[in-house]
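The lines below spell out each chain.
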Amino acid sequence: MSRPEPVTVRPAQPEDADSLAGLFGRLGYATTGPVVAAQFALYHPGASFHALAAEHHPADGAPRLVGAATVSIQQRLYAARPVAQLTALVTDAEARQLGVGRALVRAAAELARNARCERLFVRSDRRRTESHDFYRMLGFDEVNLTFDLPLDP
Ligand SMILES: CC(C)(COP(=O)(O)OP(=O)(O)OC[C@H]1O[C@@H](n2cnc3c(N)ncnc32)[C@H](O)[C@@H]1OP(=O)(O)O)[C@@H](O)C(=O)NCCC(=O)NCCS
């Protein structure tokens, strides 16, 4: 009998809200379980919004949710095929270097391909230098400058 995969990726569920809030908090996006649950209710994951959860399966314990990614599929009027944006990616600090991030990016690319996207892209804060090497390592090219205009609510 073959050993189970140590890391699996599945669609995130509203029941994951507390764990996801913890992960997003570690990414620097302070939030709460109820806020994440409310977002699930507003933006049903489906055609243009996807949320992925990664579970690590240790040989000697129960699976644990250790990573998350969200993906947004964007249509453009000027191109027949959409593009996909990785809008969040995080691996729990204790589960880094186990292949969680790679598995999440692979799953994000797969769902982008299934949505006929011509590419998957990510905006990464200039200060997150450790993630830049990670993306280069996975084959992402540095292409665009991005500009942010803060907006009042
Ligand atoms: C970036 C991040 C998601 C990587 O997750 P991870 O689960 O540790 O990555 P993996 O274990 O899947 O690593 C995949 C490959 O990238 C390499 N890698 C991982 N982190 C790296 C880093 N900081 N620099 C260079 N390479 C890195 C791994 O060694 C591995 O290569 P290998 O397969 O040849 O061994 C994780 O460090 C993280 O959550 N950082 C904080 C949040 C963040 O910056 N998110 C990105 C927002 S844009």
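For the structure itself, consult the block above.
The following refers to the structure shown. Quick caveat: nothing in here was measured; it's all calculated off a predicted structure.

## Side note on the overall build of the protein
So, step 1. Helices and strands together make up the secondary structure of the protein, namely 4 helices and 5 strands.
So, step 2. Along the protein, helices and strands appear, N-terminal first, in the series β-α-α-β-β-β-α-β-α.
So, step 3. Since a compact globule built from 153 residues should have a radius of gyration of about 15 Å, the 16 Å found for the protein is in line with a globular shape.
So, step 4. Counting only C-alpha atoms, the protein reaches 50 × 35 × 30 Å along its principal axes.
So, step 5. The buried share of the protein, reckoned over its 153 residues, is 35%.
So, step 6. For the protein, the share of sequence-separated contacts (at least 6 apart) that also reach a separation of at least 24 residues comes to 56%.
So, step 7. Carbon and sulfur atoms make up 54% of the accessible area of the protein, which amounts to about 10400 Å² in all.
So, step 8. With 17 positive and 17 negative side-chain charges, the protein shows a separation of 6 Å between the mean positions of the two kinds.

## Overview of the packing of aromatic side chains
So, step 1. Applying the stated rule across the entire model yields 3 aromatic pairs.
So, step 2. Plain terms: the ring middles of Phe-134 and Tyr-135 are 5.3 Å apart, the flat faces sit at 65 degrees to each other, and that makes the pair edge-to-face.
So, step 3. Judged by relative accessible area, which is 10%, Tyr-135 ranks as buried.
So, step 4. An angle of 65 degrees between the planes, with centres 5.2 Å apart, marks the rings of Tyr-135 and Phe-140 as edge-to-face.

## Some words on helix α2 (residues 33-42)
So, step 1. Residues of α2 that are buried include every one of Gly-33, Val-36 and Phe-40, and no others. Down the axis of α2, the sector holding all buried residues measures 70 degrees, keeping them to one side. Among the exposed residues of α2, those pointing more than 90 degrees away from its buried face are Pro-34, Ala-41 and Leu-42.
So, step 2. For α2, the elements touching its buried residues are α1 (17-27) and β2 (49-56).

Calculation criteria
Residues numbered from 1 in each chain as written. Predicted model: local features only at pLDDT ≥ 70, side-chain atom pairs only at ≥ 80, totals over all residues. Heavy atoms only, no water. Helix = DSSP H or I, 4+ residues; strand = E, 2+ residues; numbered from the N terminus. Rg over C-alpha atoms; globule rule 2.2 N^0.38 Å. Buried < 20%, exposed > 50% of the residue type's maximum accessible area, 1.4 Å probe, protein only. Contact = heavy atoms within 4.5 Å. Areas by Shrake-Rupley, 256 points an atom, 1.4 Å probe, with all protein chains shown as cover. Lys, Arg positive; Asp, Glu negative; His and termini not counted. Charge placed at Lys NZ, Arg CZ, Asp CG, Glu CD. Phe/Tyr/Trp six-rings, centres within 6.5 Å; stacked < 30°, edge-to-face > 60°. Arc of directions from axis to C-beta.

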